[in-house]
Amino acid sequence: MANNEKTAGELLQEELLMHPENAGTILSDEELEKAQAFCEDYKKFLDAAKTEREAVDTVLVMAEKAGYVPFDPKGTYKPGDKVYVNNRGKAMLMCTFGTEPLSKGVRIMASHLDNPRLDLKPNPLYEEAQLGYFKTHYYGGLKKYQWGAIPLSLHGVVVKKNGETVKVCIGEDEADPVFCVTDLLPHLAKEQMKRPLQEGLRGEELNVLIGCHPFRDDKASEKVKLNLIRLLNEKYGMVEADFLSADLCVVPAFKARDIGLDRSMIGAYGHDDRVCAYTSLLAELEQKAPSHTTVLALADKEETGSDGNTGLSSHYLQDFIKDLAATQGLTGRAVLAVSTCLSADVNCAYDPTFGDVCERRNTSYLNYGVVITKYTGSGGKYGTSEATAEFMAQIRNLLDEGGVIWQTGELGKVDAGGGGTVAKYIADLNVDVVDVGVPVLSMHAPFEVVSKVDVYMTYRAFSEFIK
Ligand code: MN
Ligand code: MN
């Protein structure tokens with residue numbers, strides 16, 4: 001037998017067994033270039049939209065350029081019409097009407113725009129030992145020790161008593177100052193180093209250093225604080241009480257950068273979940289007249305459990321679909337019952353340095369394409385929506401037919417921990433849902449890592465789902 005002929009065993013292996021492959025080996029040079037180009041724009045999006053409010057502002061500009069108009073529940077719409085709903089400047093719904101009637105259901109893509117960060121407390125400004133600080137309350141599941149001694153920027157809005165809104169963004173422009181949370185020098189950290197990692201930096205130690213120069217006056221007290229509020233007053237016209245009606249957050253000041261000698265990855269703050277928001281957004285923007293009506297949900301508050309009126313446990317998505325249904329004389333429940341959804345959120349990529357938290361046969365890997373996750377949750381599948389076998393089969397078929405490189409992955413091994421996504425809130429609406437997303441290294445860290453081909457394949461998966 002010649003060397004290049006396959007044995008019966010090899011042939012049977014090919015026919016019967018799964019063959020996950022690194023996308024880098026199987027993609028053509030042309031597709032790899034497309035992935036690179038796609039990610040250049042993704043990096044710009046990451047830099048422009050570091051909070052949910054900035055993301056909504058950025059998306060609104062893109063949507064209006066693509067012909068989206070505010071949704072009118074009393075309007076009549078034809079295939080190809082594009083509408084949006086802006087929920088308080090913090091969450092958005094977008095929709096392209098399909099050629100099929102709404103009685104055939106809608107295709108939903110849902111992701112979130114909020115990221116773990118440090119929020120300013122309602123009364124944040126103080127001075128101690130002639131140093132000026134902001135008090136913070138961390139937002140989402142972050143490892144507090146990671147937020148010390150890195151450059152930070154300040155983002156958000158201040159709304160004055162008269163209703164005037166002032167947008168704040170300090171620390172992103174190269175010419176801007178930045179801020180930081182200080183950490184203890186190792187020389188004097190003998191006691192701190194004995195703390196459990198969870199308390200490496202404690203919640204009340206996440207104080208953001210913002211100045212040390214006193215206002216020159218012999219009589220006034222707290223002169224550093226006074227000088228800082230004077231500067232804020234000059235720049236934004238605000239007084240100290242205006243912090244009470246503000247949404248201000250502190251996030252890492254660094255920009256998205258290529259990682260690796262081969263530039264195969266992107267390091268950035270907040271891939272979770274702007275990577276899914278961006279990829280699904282691009283797929284949605286490009287739709288001319290899809291067969292089924294598409295609904296893109298860009299939610300807020302996922303990182304704190306989806307509660308609140310801009311989170312997906314609120315009624316706004318359901319109400320929108322009810323209103324959509326009414327434009328064709330249907331009930332919301334009739335449309336929802338035949339609708340399907342890709343719940344788009346990142347997953348944990350296998351990290352060989354911390355390999356023991358994953359089960360190697362059921363974890364996702366960097367560069368192996370978009371991840372399909374049948375269920376999330378934790379400890380006996382609590383707190384999740386599990387995709388049915390039937391829906392998994394549809395998605396497998398769709399991705400294979402579309403030439404999308406994909407993999408499956410659980411979030412960690414059994415009883416290692418776990419986590420949830422918005423999938424369960426959409427499943428609550430009686431919709432078929434499965435989790436899809438991008439594998440991430442260092443998830444929820446100030447600098448998260450994704451692979452460019454995985455980002456591109458996630459975009460391709462959304463395009464196939466709604467085309
Ligand atoms: Mn997420
Ligand atoms: Mn998250």
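The structure presented is a predicted model; accordingly, all values stated were derived computationally and were not measured.

A. View of the domain arrangement of the protein. With domains assigned, the protein is organised as domain 1 (19-115 + 269-466) and domain 2 (117-252). When each unit is reduced to the centre of its C-alpha atoms, the spacing between domain 1 and domain 2 is 33 Å. Contact residues are listed per partner, giving 17 residues for domain 1 and 17 residues for domain 2. For the pairing of domain 1 and domain 2, the buried interface totals around 1,400 Å² over both sides, and the portion due to carbon and sulfur atoms is 50%. Taken together, the links from domain 1 to domain 2 amount to four salt bridges. Notably, a salt bridge pairs Lys 50 with Glu 172, separated by 3.1 Å at the nearest N-O pair.

B. Layout of the coordination of the manganese ion (ligand 2). Distances from the manganese ion (ligand 2) to its protein donors, Asp 272 (OD), Glu 303 (OE), Glu 303 (OE) and His 444 (NE2), fall at 2.0 to 2.6 Å. Read in sequence order, the donor residues coordinating the manganese ion (ligand 2) give the pattern D-x30-E-x140-H. A distance of 3.2 Å spans the gap from the manganese ion (ligand 2) to the manganese ion (ligand 1), which Asp 272 bridges by coordinating each metal. Pair noted here: Glu 303 is in the loop between strand E14 (293-299) and helix H7 (316-327) and His 444 is in the loop between strand E22 (439-440) and strand E23 (448-451), with a separation of 141 residues, a long-range link. The residues Glu 303 and His 444 share a single accessibility class, namely buried.

C. Layout of the packing of helix H6 (residues 271-285) against helix H11 (residues 452-466). At a minimum axis distance of 8 Å, the contact between H6 and H11 shows a crossing angle of 45 degrees. Relative to H11, the element H6 lies oblique. In the crossing of H6 with H11, the sense of the turn from one axis to the other is right-handed. Residue-level contacts link Val 275, Cys 276, Thr 279, Ser 280, Leu 282, Ala 283 and Glu 284 of H6 to Val 455, Thr 458, Tyr 459, Phe 462, Ser 463 and Ile 466 of H11.

D. Up close: the sheet that holds strand E8 (residues 165-170). One open sheet holds the seven strands; their spatial order is E8-E7-E11-E5-E6-E10-E9, and the pairing between them is antiparallel. The strands lining the two open edges of the sheet, one partner per strand, are E8 and strand E9 (180-181). Where strand E7 (residues 152-159) and E8 come together, six bridges link them in antiparallel fashion. Of the residues in E8, the one forming a bridge with Val 159 is Thr 165. Along the sheet face, helix H5 (residues 223-236) touches strand E5 (117-128), strand E6 (131-139), E8 and strand E10 (208-211) and points at about 125 degrees away from the line of E5.

E. Highlighting the coordination of the manganese ion (ligand 1). Around the manganese ion (ligand 1), the protein supplies His 112 (NE2), Asp 272 (OD), Asp 345 (OD) and Asp 345 (OD) as donor atoms, at distances of 2.1 to 2.5 Å. Read N to C, the donor residues that coordinate the manganese ion (ligand 1) are spaced as H-x159-D-x72-D.

F. View of the environment of Glu 54. Along the polypeptide, Glu 54 turns up in helix H4 (residues 52-65). Contacts of Glu 54, omitting those with residues within four sequence positions, involve Ala 48, Ala 49, His 155 and Cys 169. A polar contact is formed between the side chain of Glu 54 and the side chain of His 155, at a distance of 2.5 Å.

G. The sheet that holds strand E3 (residues 91-96), seen in detail. Read across the sheet, nine strands follow the order E1-E2-E3-E14-E4-E15-E21-E17-E19 without closing on themselves; strand pairing throughout is mixed. Edge positions in the sheet fall to strand E1 (69-70) and strand E19 (406-408), since each has one partner strand and no second. Note: E3 against E14, five bridges, orientation antiparallel. When the bridges of E14 are listed, Thr 96 appears paired with Thr 294. Packing of H6 onto the sheet brings it into contact with strand E2 (82-87), E3, strand E4 (106-112), E14, strand E15 (340-344) and strand E21 (432-437), and relative to E4 it is tilted by some 150 degrees.

H. Layout of the pairing of E2. Where E1 meets E2, two bridges bridge the pair, whose relative direction is parallel. In the sheet register, Pro 70 faces E2, and the bridge partner there is Tyr 84. Taken together, the six bridges between E2 and E3 define a ladder with antiparallel strand orientation. Bridging across to E3, Val 85 finds its partner in Leu 93. The turn linking E2 back onto E3 is made up of three residues, and Arg 88 within it adopts a positive phi angle of 60 degrees.

Criteria and thresholds
Residues numbered from 1 in each chain as written. Chains lettered and ligands numbered in written order. Predicted model: local features only at pLDDT ≥ 70, side-chain atom pairs only at ≥ 80, totals over all residues. Heavy atoms only, no water. Domains from an automatic or database assignment. Contact = heavy atoms within 4.5 Å. Buried area = accessible area lost by both parts, 1.4 Å probe. Salt bridge = Lys/Arg side-chain N within 4 Å of Asp/Glu carboxyl O. Donors = N, O, S within 2.8 Å, 3.2 Å for Na, K, Ca; no water. Helix = DSSP H or I, 4+ residues; strand = E, 2+ residues; numbered from the N terminus. Buried < 20%, exposed > 50% of the residue type's maximum accessible area, 1.4 Å probe, protein only. Axes fitted to C-alpha atoms, helices over the stretch in contact; angles between N-to-C directions. Parallel < 35°, antiparallel > 145°, perpendicular 65-115°, else oblique. Left-handed = near helix turned anticlockwise from the far one by under 90°. Pairing = 2+ DSSP bridges. Polar contact = N/O pair within 3.5 Å; in protein donor to acceptor, adjacent residues only side chain to side chain.

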